[in-house]
Amino acid sequence: MTNSVTFQDQQFIPVGTSVGLTELDGEQLIRVVKPEENTEPDVPTYARLLGSDFHDGTIDVDVRARLMHWADVDCRGFIGIVFRASEDSDRFESFYVRPRNGRSCTEPQRRIHTMQYFSYPGYTFAYFRERGITDYEAKADIEMDEWIHIRAEVAGASAKFYVDDMDTPALVVDEMFGGADLRGGVGLYVDNGTEGNFKNLNVIYAD
């Protein structure tokens, strides 16, 4: 398939992004970047794992966010995962982190928004913020340009999200907006201004 990238025996195709291989600290990684001209947040911008058909199970991946040269103050290093994505990406669930809001952030209001769940298309961070809904964000002790381990445990309409070596979930979503029956692809997600580096993607399918 044209524009596909093979990494660690997994094949990815770009969805609203550029996808390629890169090397960092002597290690080969997959690199995902959202185009500078696309500034709409929480839209289909990810690298899709070919052959993935995910409903329930576990997704693990290591992520490392850097800022592109065009990133502005509102670019927070958005990086994470997409799951249960429809074939044309008109519906999916996502979990991502904002490392720039983490350990070194001096703004308390930003620090409480270090991680985010959203459900495309209707339930983005803007939807939650405009309505004062805080159940889908949380804090995390993370940083830019450092490796962060993300783990999602998904069962029916619920999901638990872990960051690094936490024993308890960093964020729990009891009722995902996509519902219990949505299934589809898995992807590596980035948003505005982020150079997303990924490795060690492991998907365990429970059904």
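Up top you'll find the structure we're talking about.
Treat the numbers as computed from the prediction; the structure is a model and nothing was measured.

Next up on the list: the side chain of Arg76. Mapped onto the secondary structure, Arg76 falls in the loop between β6 (57–67) and β7 (79–85). Arg76 gets classed as buried once you look at its relative accessible area, which sits at 5%. At 2.7 Å, the side chain of Arg76 forms a polar contact with the backbone oxygen of Val73.

Counting buried positions along β7 yields 7 of 7 residues, so the element is predominantly enclosed. In this sheet, strand β8 (residues 92–97) lies alongside β7 in antiparallel orientation, the contact comprising 5 bridges. Along β8, the bridge assignment pairs Gly80 with Tyr96. Taken together, β7 and the strand that follows it, β8, pair antiparallel across an intervening segment of 6 residues, in which Ser89 is found at a positive phi of about 60°. Inspection of the sheet shows β7 paired to strand β14 (residues 185–190) by 5 bridges, in the antiparallel sense.

Before going further, it helps to spend a moment on the sheet that holds strand β13 (residues 171–173). With respect to topology, 7 strands assemble into an open sheet ordered β3-β4-β15-β6-β11-β12-β13, the strand pairing being antiparallel. In this open sheet, the two edge strands, each paired with only one partner strand, are β3 (18–24) and β13. Averaged over all neighbouring strand pairs, the angle between strand axes comes to 30°, with direction disregarded. Across 4 bridges, strand β4 (residues 27–33) lies against strand β15 (residues 194–205) in antiparallel orientation. When the sheet's bridge partners are listed, Ile30 is paired in β15 with Phe198.

What counts and what doesn't
Think of each chain on its own: its residues are numbered from 1, step by step along the sequence as written. Since the coordinates come from a predicted model, pLDDT governs what is reported: local features require at least 70, and pairs of side-chain atoms require 80 or more to be given and counted, while whole-chain, interface and lining totals use all residues. To obtain the side-chain values, all non-hydrogen atoms of the structure were used and water was disregarded. Helix and strand assignments come from DSSP, with helices taken as H or I runs of at least 4 residues and strands as E runs of at least 2, each series counted from the N terminus. When accessible area is computed with a 1.4 Å probe and restricted to protein chains, residues below 20% of their type maximum are described as buried, those above 50% as exposed, and intermediate ones as partly exposed. N or O atoms closer than or at 3.5 Å make up a polar contact, with two conditions inside protein: a donor-capable atom paired with an acceptor-capable one, and, for residues adjacent in sequence, both atoms drawn from side chains. We treat two strands as partners when DSSP finds at least two bridges between them. Between the N-to-C directions of two axes lies an angle of 0 to 180 degrees, each axis being a line fitted to C-alpha atoms and, for a helix, fitted only over the stretch in contact.

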